[in-house]
Amino acid sequence: MEPTRRCTPELLTKDLTGNTYIVTGANSGVGLATTQQLAKQGAHVIACCRRPEAGEAAVQGLAGSIEVAELDLAKLSSVRKFVVGFLAQDKPLHGLVNNAGVMHCPEGKTEDGFETQIGVNHLGNFLLTELLLDKLKASAPARMVCVSSVLHVGDKKHVGNVDLND
């Protein structure tokens, strides 16, 4: 098994003042930790959450420049609306952190008729990235990070299996 990889300590102290980052799923877990770290380093962070009130509660008391925005990856109309609003602000975009996703959700479909996990974890993130790609390129140096899980391959007790007919 490969060792856990971590960034170099100096990366965590780099001055990000003047940089703008979008973080999805920013109201908990990895998304919240990423938002907190980027803001701590001086970046302006747009913390995207499908439930903005949960985002506001999560970032309350955090230091730095953080704005909460509504973004529901299960609704492609929400993705488009968020991007139109962001682009209207004419801010640069130095980083997009595609972190939000769902797992072990009940069987269901998105507003657009896609299976929930495919719709949220793939299609919503893909559309968001596609609509922001020109802004990322224009703001270079910029980067995009896609947070993922390896749970689909299974664990020590269970071999992962994706049933494409389901």
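Caption draft 1: Local environment of the overall build of the protein. Helix and strand content of the protein: four helices and five strands. Written out in order from the N terminus, the α and β elements of the protein read β-α-β-α-β-α-β-α-β. Taken over C-alpha atoms, the radius of gyration comes to 17 Å for the protein, in line with the 15 Å a tight globule of 166 residues would show. The principal-axis extents of the C-alpha atoms in the protein amount to approximately 45 × 40 × 30 Å. Considering the protein as a whole, with its 166 residues, one finds that 34% of them fall into the buried category. Pairs at least 24 residues apart make up 61% of the contacts formed inside the protein by residues separated by at least 6 positions. Here the protein has roughly 10,800 Å² of accessible surface; of this, 55% comes from carbon and sulfur atoms. Separation of charge centres in the protein, based on 16 positive and 18 negative side chains, amounts to 6 Å.

Caption draft 2: A look at the environment of Gly31. Mapped onto the secondary structure, Gly31 falls in helix 1 (residues 29-40). On the basis of relative accessibility, which here comes to 0%, the residue Gly31 falls in the buried class. Taking the C-alpha atoms as reference points, Gly31 and Gly113, separated by 82 residues in sequence, lie 26 Å from one another. If we ignore the near neighbours within four places in the chain, the residues touching Gly31 are Val23, Thr24, Gly25, Ala26 and Asn99.

Caption draft 3: Layout of a nonpolar patch on the surface. A cluster of nonpolar side chains, Val30, Val145 and Val147, forms an exposed patch at the surface whose accessible area comes to about 210 Å². By the secondary structure assignment, Val147 is in the segment after strand 5 (143-146).

Caption draft 4: View of the side chain of Asn98. For Asn98, the position within the fold is in strand 4 (residues 95-98). Asn98 gets classed as buried once you look at its relative accessible area, which sits at 2%. Within the structure, Asn98 has its side chain in polar contact with the side chain of Thr129 (distance 2.9 Å). Apart from the residues within four sequence positions on either side, Asn98 is in contact with Thr24, Asn125, Leu128, Thr129, Met144, Val145, Cys146 and Val147.

Caption draft 5: Quick look at the sheet that holds strand 2 (residues 44-49). The five strands lie next to each other as 3-2-1-4-5, forming an open sheet whose pairing is parallel. Looking at which strands have only one partner, the edges of the open sheet turn out to be strand 3 (65-70) and strand 5. Each strand axis lies, on average, 15° off the axis of its neighbour in the sheet, ignoring direction. Judged from the four bridges that link them, strand 4 and strand 5 form a sheet pairing that is parallel.

The rules behind each value
Every chain's residues receive numbers from 1 upward, in the order its sequence appears when written. A pLDDT threshold of at least 70 governs which residues receive local features in this predicted model, and a stricter bar of 80 or more applies before side-chain atom pairs are shown or counted, although totals over entire chains, interfaces and linings include all residues. Side-chain figures throughout are based on the complete set of non-hydrogen atoms in the structure, without hydrogens or water. A run of DSSP states H or I qualifies as a helix once it reaches four residues; a run of E qualifies as a strand once it reaches two. Both are numbered from the N-terminal end. Our radius of gyration looks at C-alpha atoms and nothing else; its globule reference is 2.2 Å times the residue count to the power 0.38. For each residue, the accessible area found with a 1.4 Å probe, counting protein chains only, is set against the maximum for its type, and the residue is called buried under 20%, exposed over 50%, and partly exposed in between. Here, residues are in contact when the closest pair of their heavy atoms is within 4.5 Å. Per-residue and other accessible areas were derived by the Shrake-Rupley procedure at a 1.4 Å probe size, with only the shown protein chains allowed to occlude residues. Charged-residue counts in this description rest on Lys and Arg as positive and Asp and Glu as negative, His and the chain ends being excluded. By convention, the point assigned to a charge is CZ for Arg, NZ for Lys, CD for Glu and CG for Asp. Patches draw on residues past 30% relative accessible area with no salt bridge. Two like charges within 9 Å are joined, as are two nonpolar side chains (Val, Leu, Ile, Met, Phe, Trp, Tyr) within 5 Å. For salt bridges, the criterion is a side-chain nitrogen of Lys or Arg within 4 Å of an Asp or Glu carboxyl oxygen. Here a polar contact is taken to be a pair of N or O atoms separated by no more than 3.5 Å, where protein atoms must pair a possible hydrogen donor with a possible acceptor and residues adjacent in sequence count only if both atoms sit in side chains. Any two strands between which DSSP finds at least two bridges are classified as paired. To obtain an axis, a line is fitted to C-alpha atoms, over the contacting stretch when the element is a helix, and the angle between two such axes runs from 0 to 180 degrees between their N-to-C directions.

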